[in-house]
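Survey of secondary and tertiary structure
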Amino acid sequence: MKFAAISDIHGNIVALRAVLAEIERERADKLLVLGDLFSSDHVQDILAELRGRDAVIIRGNGEDYQLNHSLSDWASHDQFEELAAIRRHITPQDMQWIAALPAQLTLTYPDFSLYLTHIEASANATITLCGHIHKLFWREEHGRYLCNTGSVGNNFDPHFTADVTFITCEDGNIAFDQRRVPYDFEAWRRIAGNTLMRQAVLRGTELGRNIFLEFLAEADHGLGWPIPNDIWRNTAAQWQERGLL
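Residues numbered from 1 in each chain as written. Predicted model: local features only at pLDDT ≥ 70, side-chain atom pairs only at ≥ 80, totals over all residues. Heavy atoms only, no water.

1. Let's talk about the packing of helix α3 (residues 61–68) against helix α6 (residues 92–100)
Interaxial distance between α3 and α6 falls to 10 Å at its minimum, and their mutual angle equals 125 degrees. Relative to α6, the element α3 is oriented oblique. Like other packed secondary-structure pairs, α3 and α6 cross with a definite hand, here left-handed. Here α3 contributes Glu 63, Gln 66 and Leu 67 to the contact with α6, which in turn contributes Met 95, Ile 98 and Ala 99. Its residues placed into classes, the contact of α3 with α6 shows four nonpolar, one polar and one charged. (Axes fitted to C-alpha atoms, helices over the stretch in contact; angles between N-to-C directions. Helix = DSSP H or I, 4+ residues; strand = E, 2+ residues; numbered from the N terminus. Parallel < 35°, antiparallel > 145°, perpendicular 65-115°, else oblique. Left-handed = near helix turned anticlockwise from the far one by under 90°. Contact = heavy atoms within 4.5 Å. Nonpolar A, V, L, I, M, F, W, Y, C, P; charged D, E, K, R; others polar.)

2. Digging into the pairing of strand β4 (residues 104–108)
As judged from the five bridges shared by β4 and strand β5 (residues 113–117), these two strands associate in the antiparallel manner. In the strand pairing of β5, Leu 107 is matched with Leu 114. Connecting the antiparallel pair β4 and β5 is a turn made up of four residues. (Pairing = 2+ DSSP bridges.)

3. Considerations on empty space enclosed by the protein
Here the structure, examined in full by the defined rule, presents one cavity of 30 Å³ or more. Only α5 (81–87) and α8 (196–207) provide two or more residues apiece to the lining of the largest cavity. Grouping the amino acids of the lining of the largest cavity by side-chain chemistry returns four nonpolar, one polar and three charged. (1 Å grid on protein atoms, 1.4 Å probe; cavity = no way out; pocket = protein on both sides within 12 Å on 5 of 7 lines; lining within 4 Å. Points joined across faces, edges and corners; volume = space filled by probe spheres on them.)

4. Quick notes on the layout of surface pockets
What the largest pocket holds in volume is close to 800 Å³. If you trace the largest pocket, you find 31 residues lining it, with His 10, Asn 61, Tyr 65, Met 197 and Phe 212 closest to the centre. Counting residues per element, the ones that place at least two in the lining of the largest pocket are α3, α5, α8 and α9 (211–220). In terms of residue count, α3 provides more of the lining of the largest pocket than any other element does, five residues in total.

5. Let's talk about the side chain of Thr 165
In this structure, Thr 165 sits in strand β9 (residues 161–170). For Thr 165, the side chain forms a polar contact with the side chain of Gln 178, separated by 3.0 Å. If sequence neighbours within four positions are ignored, Thr 165 has contacts with Phe 3, Ala 4, Ala 5, Leu 136, Cys 147, Asn 148, Thr 149, Phe 176, Asp 177 and Gln 178. (Polar contact = N/O pair within 3.5 Å; in protein donor to acceptor, adjacent residues only side chain to side chain.)

6. Regarding the packing of aromatic side chains
Applying the stated criterion to the full structure yields nine aromatic pairs. Residues Trp 138 and Phe 176 carry aromatic rings whose centres are separated by 4.7 Å and whose planes lie at 15 degrees to one another, so their mutual orientation is stacked. Of the two residues, Trp 138 sits in strand β7 (residues 136–141) while Phe 176 sits in strand β10 (residues 173–182), which places them 38 residues apart along the sequence. Look at Trp 138 and you get partly exposed, because its relative accessible area is 40%. Ring centres of Phe 215 and Trp 239 lie 5.3 Å apart, and the angle between their planes is 80 degrees; on these two criteria the pair is classed as edge-to-face. Taken together, the residues Phe 215 in helix α9 and Trp 239 in helix α10 (residues 229–241) connect sequence positions 24 residues apart. Accessibility expressed as a relative area gives 0% for Phe 215, which makes it buried. Put simply, the rings of Phe 3, Tyr 109 and Phe 112 touch in pairs and so form one group of aromatic residues. In this structure, Lys 2 is placed above the aromatic ring of Phe 166, and the distance from its NZ or CZ to the ring centre is 5.4 Å. The aromatic ring of Trp 97 is capped on one face by Arg 51, whose charged end is 5.0 Å from the ring centroid. (Phe/Tyr/Trp six-rings, centres within 6.5 Å; stacked < 30°, edge-to-face > 60°. Buried < 20%, exposed > 50% of the residue type's maximum accessible area, 1.4 Å probe, protein only. Lys NZ or Arg CZ within 6 Å of the ring centre and 35° of its normal.)

7. Overview of the sheet that holds β10
As summarised here, the arrangement of the five strands in space is β3-β2-β1-β9-β10, forming an open sheet in which the pairing is mixed. Two strands close off the open sheet at either side, each with one partner strand: β3 (55–57) and β10. On average, each strand axis in the sheet is tilted by 20 degrees relative to the strand beside it, whichever way the strands run. Pairing geometry for strand β2 (residues 30–33) and β3, over three bridges, is parallel. The residue of β3 that forms the bridge with Leu 32 is Val 56.

Here's what the structure looks like:
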């Protein structure tokens, strides 16, 4: 049986469509999606692509943010602009669909099992699949496997690729094939949205590093969250002057 596992789409519809085309070419038997589906735009495009497939989907921390908070929780802090923008594109029916997604899931087959989780956790399964950290890897220890499927939407590869992991389980053998699929980054840039987070992520991809986390670390000033709006805005202005945003 051949699985295709992806995670951390973060609204990048252009990268998702490139990855789905690769999965179709490989004729994978089952698509596994490990959460963090959305960004400030293209919520409905992402849902249309995923709902139309026989996919196994779990929630990520991004979906949990939407389930556990309301727009009013984010209204007074610029830091939460991206989360608020996502919410404005989610319908009540979409929210019901998201709420029905499991946070973790185990798929059991006669000769192997797969544990699906967004954030890495130990499990008594043959293969544990996770995402969240946007780093593509797999390793084996004592006959069990841990695999991070990387990120479809934002793997910080300056060559502009999207991550997908193929896992083939056959006759007691398990094989991993992790790929980076090229996509049209300029097409994505044109439609990605203009929140600070979106712009930082785009710039970070060009530079090959997670600029947004660097921005958060600099803006924090040891004051904790939420970051005051004046500090947030001043940090953004300084980064724009330095050409980082």
